Amino acid sequence: MVGPCGSRSLAGLVVILSAVTVAACAGTRRPPVGSQRVVRFVLDDPRSDSFAADATYRAGLVGVGWLADAANADATASRFATTAVAIAVIVPWRTLHHEFGHYRVAEQLGGDPELHWSGWNDAQVNPTLPPQVSLTAADRREFAGAGIVQSGLAANSLYRDWATRGALHHTEAIGFLAAALDLPIYAARTLVQDLHHRTDPGPNDVVAYARTTGSRVDEQELLWLSAGSVLASAPAWAALFGQLSYMRTGQRKVALPTMHFGGYEWALPFATVLPARHGPIVAVRTVIGTERSSPFEVGVAWRWQGSSTSVQCRLCDLPLGAGFVVSPALRVTASGSRFEGIATDIDLEWRCSPRWRLGGSAFWRDDDLLSEAEGYGDGVGARLWGGATF
């Protein structure tokens with residue numbers, strides 16, 4: 001636990017972050033990379049690590065995009081069919097990625113989880129806990145919300161990639177939208193079941209999550225909170241209209257909507273809701289200086305019906321020379337004027353050729369709000385990856 005700090009220190013931190021933002025965005029203009037796609041091969045099990053699960057999901061989206069490009073649809077009907085096939089593949093792929101979140105938490109709780117498929121878009125993880133393991137309400141809540149949290153983390157990661165690249169491939173935009181809509185669609189389906197007076201909705205993450213929060217959060221609140229966040233996010237609408245544009249004109253690039261303010265291009269913000277262990281977390285982020293070589297991501301997250309707030313910043317792709325780029329990040333969590341936690345990350349990547357990349361990251365967590373959703377406990381850690389561009 002980080003010790004208490006007064007409001008003057010909090011104000012000083014805001015000033016420092018603002019100064020770093022201006023300095024970061026004052027770099028050279030980046031060349032347009034447009035539809036360039038990056039695949040990361042993380043040396044970890046995607047079922048057990050949220051970062052590896054995110055990389056696996058995005059790699060699948062790139063693969064679907066490559067197949068869609070190979071189809072070379074040149075007529076509206078053909079592009080419509082290509083989009084329909086892409087959706088038919090991406091939706092169950094997103095479901096598998098969703099289940100990785102349940103699998104990860106089940107392992108952390110001491111289980112030997114098993115993944116079962118029962119349909120095109122229907123899967124379930126059985127935690128298979130030992131008899132001596134007794135779950136608390138917080139444990140059950142974390143397991144119930146873990147799949148939706150995994151989807152939210154993927155949407156946040158794709159949004160950062162979208163802002164730093166300037167555009168997503170239209171299949172990546174489908175994957176972004178599928179991840180962003182996971183909780184709203186789940187909650188809406190739950191309410192439809194309620195309207196039909198189904199007393200036993202079967203395995204249902206939203207119902208299980210709401211029941212473990214007592215009277216604090218119910219299914220209707222999760223629906224309007226998550227749906228409102230997505231509907232208020234311009235990137236979600238851009239992803240949707242990008243599909244219509246592709247089917248009408250064949251334009252495969254989906255541009256991220258931006259605005260010009262203070263001499264810089266700002267990506268319009270994206271909001272998501274993460275049903276975490278101790279209650280839902282609302283996270284909002286934007287990227288400043290999207291026209292620059294090293295844009296700057298800033299965001300805020302807060303506990304719904306709670307007092308904890310997290311402020312985060314990340315400098316993206318700062319060049320060091322010889323093909324090396326570094327992306328440092330900092331998050332601080334506070335309750336009022338009292339600091340509660342901190343998280344730091346530093347990603348180092350070597351772009352050893354126009355196609356191939358090698359990288360790694362080191363991180364430290366101490367009572368950080370968003371680490372609760374990411375599945376990382378307090379302490380230090382590291383990871384390695386390889387990558388390729390397409």
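Residues numbered from 1 in each chain as written. Predicted model: local features only at pLDDT ≥ 70, side-chain atom pairs only at ≥ 80, totals over all residues. Heavy atoms only, no water.

Asker: Looking at this structure, how should I read the overall build of the protein?
Answerer: Along the backbone of the protein there are ten helices and 16 strands. The buried share among the 390 residues of the protein stands at 52%. When contacts within the protein are restricted to residue pairs at least 6 apart in sequence, those whose partners lie at least 24 apart make up 61%. For the protein, the accessible surface area stands at approximately 17,200 Å², while carbon and sulfur atoms represent 63% of it. (Helix = DSSP H or I, 4+ residues; strand = E, 2+ residues; numbered from the N terminus. Buried < 20%, exposed > 50% of the residue type's maximum accessible area, 1.4 Å probe, protein only. Contact = heavy atoms within 4.5 Å. Areas by Shrake-Rupley, 256 points an atom, 1.4 Å probe, with all protein chains shown as cover.)

Asker: When you look at helix 5 (residues 170-180) in this model, what are you seeing that I'm missing?
Answerer: Because the α-helix completes a turn every 3.6 residues, residues three or four places apart line up on one side. For helix 5, the buried fraction is high: eleven of the eleven residues fall into the buried class. Along helix 5, the positions that sit buried rather than exposed are His 170, Thr 171, Glu 172, Ala 173, Ile 174, Gly 175, Phe 176, Leu 177, Ala 178, Ala 179 and Ala 180.

Asker: How should the pattern of salt bridges be read in this particular structure?
Answerer: Opposite charge on two side chains makes pairing possible when the charged atoms of those side chains draw close. Under the defined criterion, the tally for this structure stands at 24 salt bridges. Close ionic contact of Arg 277 with Glu 142 constitutes a salt bridge, the shortest N to O distance being 2.7 Å. Pair noted here: Arg 277 is in the loop between strand 8 (270-276) and strand 9 (279-288) and Glu 142 is in helix 4 (residues 137-165), with a separation of 135 residues, a long-range link. What makes Glu 142 buried here is its relative accessible area of 13%. Taking the shortest distance from any N to any O, the salt bridge between Asp 368 and Arg 331 comes out at 2.4 Å. Taken together, the positions of Asp 368 in the loop between strand 15 (356-366) and helix 10 (371-374) and Arg 331 in strand 13 (residues 324-335) put the pair 37 residues apart, joining distant regions of the chain. Accessibility assignment for this pair places Asp 368 and Arg 331 in one class, buried. Through salt bridges with shared partners, a single ionic network connects Arg 40, Asp 317, Glu 349, Arg 351 and Arg 357. (Salt bridge = Lys/Arg side-chain N within 4 Å of Asp/Glu carboxyl O.)

Asker: Would you take a moment to explain the confidence of the model for the protein for this structure?
Answerer: The predicted coordinates ought not to be read in detail in places where the model reports low pLDDT. When the pLDDT values of the protein are averaged, the result is 86; 87% of them are 70 or greater. Under a pLDDT of 50 for its full length, residues 1-29 has, in the predicted model, 43 contacts with residues more than four places off or in other chains. A low-confidence stretch, residues 31-35 (pLDDT under 50), is modelled with eight contacts involving residues beyond four sequence positions or located in other chains. (pLDDT = per-residue confidence, 0-100.)

Asker: Please clarify how unusual backbone geometry should be interpreted in this entry.
Answerer: Only a minority of non-glycine residues have a phi that is not negative, and only a minority of peptide bonds are not trans. Although it is not a glycine, Thr 128 sits at a positive phi angle of roughly 50 degrees. If you trace the backbone, Thr 128 turns up in the loop between strand 3 (122-126) and helix 4. Taking the relative accessible area as the measure of exposure, Thr 128 reaches 32% and is therefore partly exposed. Its identity as a non-glycine residue notwithstanding, Asp 367 has a phi of 55 degrees, on the positive side. When you line up the elements, Asp 367 lands in the loop between strand 15 and helix 10.

Asker: I'm lost on the side chain of His 169 in this one. Help?
Answerer: Position of His 169 relative to the elements: it lies in strand 4 (residues 167-169). You can call His 169 buried: its relative accessible area is 1%. In this structure the side chain of His 169 is engaged in a polar contact, spanning 2.9 Å, whose partner is the side chain of Thr 171. Those residues in contact with His 169 that sit more than four places away from it in its chain are Arg 37, Gly 65, Asp 69 and Arg 252. (Polar contact = N/O pair within 3.5 Å; in protein donor to acceptor, adjacent residues only side chain to side chain.)

Asker: Just to check I follow, could you spell out the packing of aromatic side chains for this structure?
Answerer: The description of two aromatic rings rests on the distance between their centres and on the angle between their planes. Going through the model one piece at a time under the given rule, you end up with nine aromatic pairs. Ring centres of Phe 176 and Phe 270 lie 5.0 Å apart, and the angle between their planes is 55 degrees; on these two criteria the pair is classed as tilted. Separated by 94 residues along the polypeptide, Phe 176 in helix 5 and Phe 270 in strand 8 bring together distant segments of the chain. By the burial criterion, Phe 176 is buried, and Phe 270 matches it. Plain terms: the ring middles of Phe 363 and Tyr 376 are 5.1 Å apart, the flat faces sit at 45 degrees to each other, and that makes the pair tilted. Residue Phe 363 is found in strand 15, and its partner Tyr 376 is found in the loop between helix 10 and strand 16 (379-389); the two are separated by 13 residues along the sequence. (Phe/Tyr/Trp six-rings, centres within 6.5 Å; stacked < 30°, edge-to-face > 60°.)

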